[in-house]
Amino acid sequence: MEQTSLQWLLCLTTMLFCRHTQAGLTVSPSSSQFFQWMSISLSCEEDDSSAGWTLKRNTTKDTRTECGIWGEPAGSSCNIGYIITWDSGVYWCESGEGATSNSISITVTDGSVILQSPVLPVMEGDDVTLHCKTKTSDLPADFYKDGSLIRTEPKGHMTIHHVSKSDEGLYKCHNSSHGESPPSWITVAGKPATIATTPVSTTPPPVSAAPPLVFRLVCHLVVFCPYFISTLLMVSLYRHRPTGNDLPVSMAMPLPTQAEQGLADDDDIITSVTTEHHF
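Residues numbered from 1 in each chain as written. Predicted model: local features only at pLDDT ≥ 70, side-chain atom pairs only at ≥ 80, totals over all residues. Heavy atoms only, no water.

## Overview of the layout of surface pockets
Rolled over the atoms, a probe sized like a water molecule indicates the empty space that remains.
Reasoning step 1: If you add up the space inside the largest pocket, you get close to 270 Å³.
Reasoning step 2: Broken down by secondary-structure element, the contributors of at least two residues to the lining of the largest pocket are β9 (104–109) and β18 (184–186).
Reasoning step 3: Among the residues making up the lining of the largest pocket, the classes are represented as nine nonpolar, seven polar and no charged. (1 Å grid on protein atoms, 1.4 Å probe; cavity = no way out; pocket = protein on both sides within 12 Å on 5 of 7 lines; lining within 4 Å. Points joined across faces, edges and corners; volume = space filled by probe spheres on them. Helix = DSSP H or I, 4+ residues; strand = E, 2+ residues; numbered from the N terminus. Nonpolar A, V, L, I, M, F, W, Y, C, P; charged D, E, K, R; others polar.)

Structure (structure tokens):
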């Protein structure tokens, strides 16, 4: 009993130490491109608890540096008051056990045009809207994918309906008065596969399944009928067989034997003599 309890405790401890929770990184405002001197906030979001997660980043100037060096920690978040061009890089959350979240690529520009695009992967089948923005207003813009012009939008925003894997690529926008935005990669994630289940049929079996059953029934009847008929005949004969009470008289009275016949003749002679000499 003591050994069993020790084994259970060991298993429970192993499960607790081997449990790796998953966190998701988000950025506010939600965009992959920012103008210089803007303020942003990055957060590690987890279902159970965000304790123990640290914001880290890789840029052209530093590698795997923590939030306290380039931002102000606030629990599971990291705030950057004024971002500059060398804040451009890849950001992620990392736990003390070495687990990592999704990564986000952020571009900071000192130009006058940015492309507001989804910072997280887009689910296949959803609609996506891209905004070509300037520091002052939204102006007509040309939208490009992988270097090729898609179309020109007079209000500066373009919506892609029901995105698919073919829409994945490098996007940018251009305004004739203000210039061109930096490029941003848009990732399209496939929908989770669903497990197909075979429905249980409630319809009766097809007619073609009936003949084997009928054939088996006929075979049983063919085998069973002779025995049944024979049994009926035997019962009928048994019930109508002749008994001793029903025999005819000729059969009920046995024939006299020779001695009995002779005795009967003597009695007839004596009776005759007595009758003749009676006066």
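Text resumes after the structure shown.
## With respect to the sheet that holds β9
Reasoning step 1: With respect to topology, five strands assemble into an open sheet ordered β2-β9-β8-β4-β5, the strand pairing being mixed. Strand pairing shows two members of the sheet lacking a second neighbour, β2 (33–35) and β5 (63–66), which therefore form its edges. Across the sheet, the mean angle separating the axes of adjacent strands is 35° when strand polarity is ignored.
Reasoning step 2: In this structure, strand β4 (residues 53–59) lies alongside β5, joined through three bridges in antiparallel fashion. By the bridge assignment, K56 is partnered in β5 with E66. (Pairing = 2+ DSSP bridges. Axes fitted to C-alpha atoms, helices over the stretch in contact; angles between N-to-C directions.)

## What about the pattern of salt bridges?
Reasoning step 1: Here the structure, examined in full by the defined rule, presents eight salt bridges.
Reasoning step 2: In this structure, the salt-bridge partner of R57 is D62, at a minimum N-O distance of 3.6 Å.
Reasoning step 3: Taking relative accessible area as the criterion, R57 reaches 3% and is therefore assigned buried.
Reasoning step 4: When its relative accessible area of 19% is taken as the criterion, D62 is described as buried.
Reasoning step 5: Counted as one network, the salt bridges with shared partners bring together K56, R64 and E94. (Salt bridge = Lys/Arg side-chain N within 4 Å of Asp/Glu carboxyl O. Buried < 20%, exposed > 50% of the residue type's maximum accessible area, 1.4 Å probe, protein only.)

## Here's the deal with the nonpolar core
Reasoning step 1: Ranked by internal contacts, the top residues of the largest apolar core, which has 21 residues, are V27, I40, L42, L55 and I106.
Reasoning step 2: Once you skip the residues sitting within four places of it in the chain, L55 turns out to touch L25, L42, C44, T65, E66, C67, W70, S76, C78, W92 and C93.
Reasoning step 3: Counting residues in each nonpolar core, the second largest holds 15 residues, with L115, V128, V163 and Y171 among its members. (Core = buried A, V, L, I, M, F, W, Y, C linked by side-chain atoms within 4.5 Å. Contact = heavy atoms within 4.5 Å.)

## Notes on the side chain of S43
Reasoning step 1: With respect to the element layout, S43 can be found in strand β3 (residues 40–46).
Reasoning step 2: One polar contact links S43 to S77, side chain to side chain, over a distance of 2.8 Å.
Reasoning step 3: Those residues within four positions of S43 in sequence are excluded, and the remaining contacts are G24, L25, T26, S76, S77 and C93. (Polar contact = N/O pair within 3.5 Å; in protein donor to acceptor, adjacent residues only side chain to side chain.)

## Here we look at the sheet that holds strand β15 (residues 157–160)
Reasoning step 1: Sheet architecture is open: three strands sit in the order β10-β12-β15, paired in antiparallel fashion. The open sheet terminates on both sides in strands that have one partner only, identified here as β10 (113–116) and β15. Taken over all neighbouring pairs, the strand axes of this sheet differ in orientation by 15° on average, direction set aside.
Reasoning step 2: The pairing of strand β12 (residues 128–134) with β15 spans four bridges and is classified as antiparallel. Residue pairing for β15: L130 is matched across the bridge by M158.

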